[in-house]
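Each chain, written out:
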Amino acid sequence: MAPPTRVAPLLHAALEYAAAGVPVLPLHSPTATGCSCRRPDCDRPGKHPRWHRHLLRHGLHDASTRPEVIRRWWTRWPEANLALRTGDRFDVCDVDRPDGAAALRALVRDRRFTGPVVRTGSGGWHLYLRPTGAGNRSGLLPGVDWRGAGGYVVAPPSRHASGRDYRWIRPPGVALADCPPELTALLFPPAPAARSGSDGSGTTDRVRDPSRYASAALAAEAGTVAGAVVGTRNTTLYRAAYHLGQLAAAHLLDEHDILVVLADAAHRSGLGRYEIDRTIRSGLRTGQRHPRHGLAA
Ligand SMILES: [Zn+2]
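Remember, it's a predicted structure, so these values are computed and weren't measured experimentally.

Engineer: Is there a simple way to think about the packing of helix H7 (residues 255–269) against helix H8 (residues 273–289) in this case?
Structural biologist: Two numbers describe a pair of packed helices, the interaxial angle and the distance between the axes. Taken N-terminus to C-terminus, the directions of H7 and H8 make an angle of 140°; their axes are 10 Å apart at the nearest point. When the axis of H7 is compared with that of H8, the two are oblique. Here H7 runs over H8; the crossing is right-handed. Residues Glu255, Ile258, Leu259, Leu262, Ala263, Ala266 and His267 of H7 touch H8, and the partners they reach there are Ile276, Ile280, Arg281, Leu284 and Gln288. Counted by class, the contact of H7 with H8 contains eight nonpolar, two polar and two charged residues.

Now the structure itself:
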């Protein structure tokens, strides 16, 4: 479908990122009918990782800087979009158009971003900043998501479902800037009680940083799921999805992140793909209907 000239740039770019020390991950790619994952209900065409029992057993942790691994991936999937792992070398502020751009401008006013910037295939922006230690957050501001520890971003020259390519409008080689203090304050709120939007029950003093708590909970649940033994795997997975769904309902985790991380962990436990998908979605749905009050519960 895509002209052969598409093949070399993706592999070439992946090797260049890796040479600069940034772990790379192959994603599915948009097709004429949707997504190369061939799921009719795929809601993130060309934006989610490829899972393969042998090549991608550890998901995000398998993001690689090894040229031989990268060559193998893009030989097998020449048109695979590519993602860069966030949280180590950089974090990314993901800004949608037009809401995100307006919200961000209102927050940081005259402050200018000097680091690398990507124009996304949907017309938004990825601002690359020094890592903050924060995990992923969706809805940090209206139209603004954060990709940090445990996350990834689609990177140039990947193709968006719209047919447009992601491209650098300020190159990856320019120096990273610090996260603006206004954004840092949102990423690390002084106390959970300052959060609005809960139904008044508040959060306990034991949890000083709900975002970190949620990231840690995601990692812990993934570990439990990956280590579950035969006979308990499905129940363990459901329970994990349920708990994390509660955090998603409180806007502390992104539903897609939960899907990716839990599916990866369940895959490692040996569960089949169909069962994994069904169980996670069911647990998430139920958990989201029962938001947790008091995060340390
Ligand atoms: Zn897909």
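Engineer: Got a minute to help me understand the nonpolar core in this structure?
Structural biologist: Within soluble globular proteins, side chains that are nonpolar generally end up buried alongside one another. Grouped together as the largest cluster of nonpolar side chains are 30 residues, with contacts concentrated most on Tyr17, Val24, Ile70, Trp74, Leu82, Leu84 and Tyr128. When residues of this core are traced back to their parent elements, those giving at least two are helix H1 (7–19), strand S1 (24–27), helix H2 (67–76), strand S4 (81–85) and strand S10 (152–155). At six residues, the largest contribution of residues to this core is made by H1. Mapped onto the domain boundaries, this core takes at least three residues apiece from domain 1 (1–85) and domain 2 (86–187). Counting residues in each nonpolar core, the second largest holds 24 residues, with Leu218, Val225, Leu237 and Leu259 among its members.

Engineer: Please explain the pairing of strand S9 (residues 144–147) as it appears in this structure.
Structural biologist: A regular strand places its side chains so that they alternate between the two faces of the sheet. Sheet topology note: the strand S5 (residues 91–95)/S9 ladder contains four bridges and is antiparallel. Bridging from a neighbouring strand, Val92 pairs with Arg147 of S9. Looking at chain direction, strand S8 (residues 137–141) and S9 are connected through two bridges and run antiparallel. In the strand pairing of S9, Arg137 is matched with Trp146. The hairpin turn running from S8 into S9, its antiparallel successor, is two residues long, and Gly143 in that turn takes a positive phi close to 80°.

Engineer: Got a minute to help me understand the coordination of the zinc ion in this structure?
Structural biologist: Looking at the zinc ion, one finds its protein donor set to be Cys35 (SG), Cys37 (SG), Cys42 (SG) and His48 (NE2), positioned 2.0 to 2.3 Å from the metal centre. The coordination sphere of the zinc ion comprises four donor atoms, whose angles at the metal cover 103 to 114°; the geometry is tetrahedral. On the primary sequence, the residues serving as donors to the zinc ion are separated as C-x1-C-x4-C-x5-H. When sorted by exposure, Cys35 lands in the same class as Cys42, which is buried.

Engineer: Hey, could you run me through the sheet that holds S10 in this one?
Structural biologist: Sheet strands associate in pairs through backbone hydrogen bonding, adopting either a parallel or an antiparallel arrangement. Spatial strand order, S1-S4-S10: three strands in an open sheet with antiparallel pairing. At either end of the open sheet lies a strand with only one pairing partner, and these are S1 and S10. Within this sheet the neighbouring strands show an average axis-to-axis angle of 35°, counted without direction. Its contacts with the sheet place H2 against S1 and S4, and it is angled at close to 10° to S1.

Engineer: What should I look at first to understand the pairing of S10 in this one?
Structural biologist: By the alternation rule, side chains of S10 split into Tyr152 and Val154 and Val153 and Ala155, which are all buried. Pairing between S4 and S10: four bridges, direction antiparallel. Paired with Leu82 across the bridge in S10 is Ala155.

Engineer: Is there a simple way to explain the packing of helix H6 (residues 233–249) against H8 in this structure?
Structural biologist: Look at H6 against H8: their axes get within 7 Å of each other, and the N-to-C directions meet at 40°. With respect to their mutual orientation, H6 and H8 come out oblique. Considering how the two elements wind past one another, H6 and H8 form a crossing that is right-handed. Facing Asn234, Leu237, Tyr238, Ala241, Tyr242, Leu244, Gly245, Gln246, Ala248 and Ala249 of H6, the residues of H8 in contact are Glu275, Ile276, Thr279, Ile280, Ser282, Gly283, Leu284, Thr286, Gly287 and Gln288. A class-by-class count of the residues in the contact of H6 with H8 yields ten nonpolar, nine polar and one charged.

About the thresholds
- Residue positions are counted from 1 within each chain, in the order its sequence is given.
- Local features in this predicted model are restricted to residues whose pLDDT is 70 or higher, and side-chain atom pairs enter the listing and the counts only when it is 80 or higher, whereas totals over whole chains, interfaces and linings include all residues.
- Excluded from the side-chain calculation are hydrogens and water; included are all heavy atoms of the structure.
- Note on definitions: angles span 0 to 180 degrees between N-to-C directions of axes, and those axes are lines fitted to C-alpha atoms, for helices only across the stretch in contact.
- Each helix is a run of DSSP H or I of at least 4 residues and each strand a run of E of at least 2, with the numbering of both proceeding from the N terminus.
- The labels follow the angle: roughly parallel below 35 degrees, roughly antiparallel above 145, roughly perpendicular from 65 to 115, and oblique for the rest.
- By definition, any crossing whose near helix is turned counterclockwise from its far helix by less than a right angle is left-handed, and any crossing with a clockwise turn is right-handed.
- Only heavy atoms enter the contact rule, under which two residues are in contact if any of them lie within 4.5 Å.
- Amino acid classes used here: Ala, Val, Leu, Ile, Met, Phe, Trp, Tyr, Cys and Pro are nonpolar; Asp, Glu, Lys and Arg are charged; the rest, including Gly, are polar.
- The criterion is simple. A nonpolar core is a set of buried Ala, Val, Leu, Ile, Met, Phe, Trp, Tyr and Cys residues joined through side-chain atoms within 4.5 Å.
- Note on classification: 1.4 Å probe, protein chains only; a residue is buried when its accessible area is under 20% of the maximum for its type, exposed when over 50%, partly exposed between these limits.
- All domain edges in this entry derive from an automatic or database-based domain assignment.
- Strands were regarded as paired on the criterion that DSSP finds at least two bridges between them.
- For Na, K and Ca the donor cutoff is 3.2 Å, while for all other metals N, O and S atoms count as donors only within 2.8 Å; water does not appear among the atoms, so some sites may look incomplete.
- Tetrahedral means four donors with every angle between 85 and 135 degrees, whereas square planar (four donors) and octahedral (six donors) require angles over 155 degrees between opposite donors and between 65 and 115 for all others; sites fitting neither are termed irregular.

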